[in-house]
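# Structural characterization, general
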Amino acid sequence: MPGHTSEVFAAYPELSCSGEKLTVQTGGYWPNKDIFCAGKEETFEFIENVLDEVIELFPSQYIHIGGDEAFKEAWEECPLCQNRISEEGLKDEHELQSYFIKRIEKYLISKGKKMIGWDEILEGGLAPEATVMSWRGMQGGIEAAQQGHDVIITPTSHCYFDYYQADPEFEPEAIGGFTTLKKVYSFEPIPDVLSEEEAKHVLGAQGNIWTEWIATPDHAEYMSIPRMLALAEVVWTDPEKKSWRQFNKRLQQHFRYFDLIGVNYAKGSYAINFETEIDTSGYKLSLITEQYKKNIHYTIDGSEPDTNSMVYKHPISVDADMIIKAAIFEDGKLMEKVSTQEVKLHKGVGARINFDKEFTSPYNDGVNTKLLDGLKGSFYHRDGKWLGVKENSLEAIIDLGSSKKIDEISASFYQRYASWIFLPETITYYISNDGIDFIKLGRIGHNRSINDKEEIKHHFDIELLGGEKTRYIKLFIQGIGMCPEGHPGEGEKSWLFIDEIEIK
Ligand code: ACM
Ligand code: ZN
């Protein structure tokens, strides 16, 4: 409550603003515009009756009332809701939600219970004693803890076990996302920005599984195990004692046990991830998999690997451009598919890049390295190679460390209409030898359509015909800012996805 309530209106249509009778939703439905009328006293009478029954059934201290994804359009048009806003001296519909939640909390407290709600209950002002479940990232949890409220951390990025855990091509259809076992294990549930005192408000973390795309208990097991084990270890283990290698080793024993008792667990991702180490001794490429002690076979000549191909033993020294292909085989059979990575040792590899803005987003680990690591992104935007930001525009300055002769600069961007990711309008390139006075080289546009529903990788190239020497390169990236007209996200912030900036 107050949203996600169509099942109530199937039986009690009079409790919504319009009074329209709805049916119980059976599939993933979006957006869920059904919402309790906050202007009618009957609404609260009904909810209090339901809570009375819930309280009788469940002896627990906490009751989770929801509070998420309450679309308030109905409230904007409802005379009773508007009347409530003016009578209670509320500023807007957000404050009406806050009024609603506070009223429910007061009722629960009068019954000796504590209320939990999703982070949306922060909007319009938090109820006095509410515990907040932070799901839309960490920010709601941070704000609530800073306000002295208890918090349960459960961001979609690490804690949603209805998300894909391996390559979607080989997995049962899921709602979306991409959260591997290793990613769950890497989770740090206590945000750094919290003081020691504030951090005490973090009660723990929670894994979530929603079943719009999950029809059987077997499938639910597959989605939650072993990611559930990883999250359990995250919350129960001293961060210093956490070790992915050790966890993965112990997990193999659990797998044998699950086999014996008939648990339908997932074996995890067979993808090979490519990680670089760039230092004075050169450029090294590591092949990483979350599979335990499995041979990775690979080639560097563009051919398809098989069980006769080289076995990966230690990081590979790279001194020329190459296409590396790698895969795991079990009993001679290719698992998932061959992972391919193009390596380009251009003049910017290992250089520093600084942006005019700080970002927080699930895509942005390694902001300062992933655009200049010689690794090109794939057509899968969650492959870890792309930098995703929700900004109108962005300025980046690259420091090559010393003055170098440059013939061409080429920055790659991505468009994926369905994921609200759009190519920027233009990139303007500048060069400088002191990092202060920049000379403009030119502004590059593109001729791709913003309404193209195909996935697009596009590079914005500029040639330096004079073969200029430069130490600093500046890019001004002008994004489209908002999803375009007619798009499902029309008027909301769109994503910019940036890949390798090749400096040739
Ligand atoms: C949620 O996933 N809507 C809490
Ligand atoms: Zn209403």
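Reference entry: report on the structure contained in this document. (Residues numbered from 1 in each chain as written. Chains lettered and ligands numbered in written order. Predicted model: local features only at pLDDT ≥ 70, side-chain atom pairs only at ≥ 80, totals over all residues. Heavy atoms only, no water.)

## Here we look at the sheet that holds strand β16 (residues 393-405)
Working definition: the strands of a sheet are paired by backbone hydrogen bonds and lie parallel or antiparallel to each other. Stated precisely, the cut-off is as follows: Note on pairing: DSSP must find at least two bridges between two strands before they are called paired. The helix and strand labels rest on DSSP assignments: H or I over at least four residues marks a helix, E over at least two residues marks a strand, and numbering proceeds from the N terminus. Comment: axis = line fitted to C-alpha atoms, over the contacting stretch for helices; angle = value between 0 and 180 degrees taken between N-to-C directions.
Taken together, 5 strands build an open sheet; the order of strands is β14-β16-β21-β18-β19 and the sheet is antiparallel. Looking along the sheet, the strands with just one partner apiece sit at the ends: β14 (352-355) and β19 (439-444). Mean inter-strand twist for the sheet, computed between neighbouring axes without regard to direction, equals 20°. Here strand β18 (residues 426-432) runs beside strand β21 (residues 469-478); their pairing, made up of 7 bridges, is antiparallel. Paired with Tyr430 across the two strands is Lys474, which belongs to β21.

## Points about the pairing of strand β22 (residues 496-503)
What counts here: Relative accessible area decides the class of each residue, using a 1.4 Å probe on protein chains only: under 20% of the type maximum gives buried, over 50% gives exposed, and in between gives partly exposed.
Here β22 lies mainly inside the structure; 8 of its 8 residues are buried. Summarising the sheet, strand β15 (residues 387-389) and β22 pair through 3 bridges and their orientation is antiparallel. Its bridge partner being in β22, Val389 is matched across the sheet by Leu496. Of the pairings in the sheet, the one linking strand β17 (residues 408-415) to β22 comprises 5 bridges and is antiparallel in character. Note that in β22 the partner of Phe413 across the bridge is Ile498.

## Some details on the coordination of the zinc ion (ligand 2)
Applied cut-off: With water omitted from the atoms examined, metal sites may look incomplete; donors here are N, O and S atoms no farther than 2.8 Å from the metal, or 3.2 Å in the case of Na, K and Ca. Between 85 and 135 degrees for all angles marks four donors as tetrahedral; over 155 degrees for opposite donors together with 65 to 115 for all other angles marks four donors as square planar and six as octahedral; every other arrangement is irregular.
Protein coordination at the zinc ion (ligand 2) comes from Cys17 (SG), Cys37 (SG), Cys78 (SG) and Cys81 (SG), with a distance range of 2.3 to 2.4 Å. Around the zinc ion (ligand 2) sit 4 donor atoms, and with donor-metal-donor angles ranging over 106 to 113° the site reads as tetrahedral.

## Some details on unusual backbone geometry
For the peptide bond that leads from Met1 to Pro2, omega is 5°, which places it in the cis range. Residue placement: Pro2 occurs in the segment before α1 (6-11). Look at the link from Ile225 to Pro226: it is a cis peptide, with omega at 15°. Looking at the secondary structure, you find Pro226 in the loop between α10 (217-224) and α11 (227-236). A positive phi angle, near 55°, is found at His4, a position not held by glycine. For His4, the location among the structural elements is in the segment before α1. In this structure, Glu336 is a non-glycine residue whose phi angle is positive, near 50°. Positionally, Glu336 belongs in the loop between β12 (333-334) and β13 (339-343).

## Section: the layout of surface pockets
Rules: We place a 1 Å grid over just the protein atoms. Points where a 1.4 Å probe fits but has no way out form a cavity, open points with protein on both sides within 12 Å along at least 5 of 7 lines form a pocket, and any residue with an atom within 4 Å of a point lines it. Grid points are joined across faces, edges and corners, and a volume is the space filled by probe spheres set on the points. Here the term charged refers only to Asp, Glu, Lys and Arg, the term nonpolar to Ala, Val, Leu, Ile, Met, Phe, Trp, Tyr, Cys and Pro, and the term polar to all other amino acids, Gly among them.
Taken as a whole, the second largest pocket spans an internal volume of roughly 440 Å³. In terms of lining, the second largest pocket is formed by 15 residues, of which the most central are Arg245, Leu287, Thr289, Gln291 and Lys293. Looking at the lining of the second largest pocket element by element, the count peaks at 3 residues for helix α12 (residues 244-261). Split into classes, the residues belonging to the lining of the second largest pocket amount to 6 nonpolar, 4 polar and 5 charged.

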